[in-house]
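A closer look at the structure
If you want the building blocks of each chain, they are given just below.
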Amino acid sequence: DEAGNIAVGTTTSGSRFDIIQTSTTTDLFRILTTNNEALFKIDAQGGIFTLGTLTTTGTAVAEMYPATDILEAGDVVTFATTTNDIHKALSYEEVVGVISSNPAIILNGKEKGVPVAKSGSTLVKVTNENGLIKRGDLLTVSTSTPGHAMKLAANGTSLGRALTSAEDATTT
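What this report covers is the structure whose coordinates are included nearby.

Rules behind the numbers
Residues numbered from 1 in each chain as written. Predicted model: local features only at pLDDT ≥ 70, side-chain atom pairs only at ≥ 80, totals over all residues. Heavy atoms only, no water. Patch = residues over 30% accessible without salt bridge, like charges linked within 9 Å, V, L, I, M, F, W, Y side chains within 5 Å. Areas by Shrake-Rupley, 256 points an atom, 1.4 Å probe, with all protein chains shown as cover. Salt bridge = Lys/Arg side-chain N within 4 Å of Asp/Glu carboxyl O. Helix = DSSP H or I, 4+ residues; strand = E, 2+ residues; numbered from the N terminus. Buried < 20%, exposed > 50% of the residue type's maximum accessible area, 1.4 Å probe, protein only. Lys, Arg positive; Asp, Glu negative; His and termini not counted. Polar contact = N/O pair within 3.5 Å; in protein donor to acceptor, adjacent residues only side chain to side chain. Pairing = 2+ DSSP bridges. Axes fitted to C-alpha atoms, helices over the stretch in contact; angles between N-to-C directions.

Side note on a nonpolar patch on the surface
A cluster of nonpolar residues, Ile-6, Val-8 and Phe-17, forms a patch on the protein surface that exposes about 260 Å² of accessible area. Mapped onto the elements, Phe-17 comes out in strand S2 (residues 17-19). Classification of Phe-17 by relative accessible area gives partly exposed; the value is 44%.

Structural notes on the pattern of salt bridges
Going through the model one piece at a time under the given rule, you end up with 4 salt bridges. Between Lys-125 and Asp-75 there is a salt bridge, and its shortest N-O distance comes to 3.0 Å. On the criterion of sequence distance, the pair formed by Lys-125 in the loop between strand S11 (114-120) and strand S12 (126-127) and Asp-75 in the loop between strand S6 (60-65) and strand S7 (76-79) is long-range, its members being 50 residues apart. There is no split in this pair, since Lys-125 and Asp-75 are both buried. Linked through salt bridges whose partners overlap, the residues forming this network are Glu-72, Asp-75 and Lys-125.

Examining the side chain of Asp-43
Residue position: Asp-43 is located in the loop between strand S4 (38-42) and strand S5 (48-50). Salt bridges are absent for the buried Asp-43, whose nearest opposite-charge side chain, Lys-41, sits at 6.1 Å. Within the local environment of Asp-43, its side chain forms a polar contact with the backbone nitrogen of Gln-45, the two atoms lying 3.0 Å apart.

Quick look at the pairing of S6
The sheet contact formed by S6 and S11 spans 6 bridges and is antiparallel. Along S11, the bridge assignment pairs Met-64 with Pro-115. One ladder, built from 3 bridges, connects S6 with strand S10 (residues 105-107); its direction is parallel. Paired with Ala-62 across the bridge in S10 is Ile-106.

A short note on the sheet that holds S10
Hydrogen bonds between backbone groups are what pair the strands of a sheet, and the pairing can be parallel or antiparallel. Here 6 strands make up an open sheet; going across it, the order is S8-S7-S9-S11-S6-S10 and the pairing mixed. Both outer strands of the open sheet, strand S8 (86-88) and S10, are each paired with one neighbouring strand and no more. The sheet shows a mean angle of 45° between the axes of neighbouring strands, taken without regard to direction.

Here's what the structure looks like:
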């Protein structure tokens, strides 16, 4: 169109590049090698496939959850007692994950809520109430500061391993 937008399968465009899928059996988009092998494709159902490595700037796989608290990146979270809403975790609560600031992949992305890291690495709010945290230390839920982790000093449930040392009393 006159604005420089491209539309395939329609005469009107709602963005810079639109493809309107008219078939449920053929791929929507493909990048092929000279041997007609699909290097990258989006299938008719929206599935994305690649023969190469998918590279992103994020470092975690997250899932979206509704929240009852105002949550920030790095907060350690758990489920509310009777719903799937999440809130800041405190000692002895089962951890769901940590709020991620920049996940590489978001599962259940159609849901409204906040991204909770399930795998990978993400910043975590910590407190040194159980001793200084050094790189490699196991972490558990803080007993005194909601939404924070602390060094796991004895047997217990770990929510992850510190990838860096924490010098301050409360840090991320």
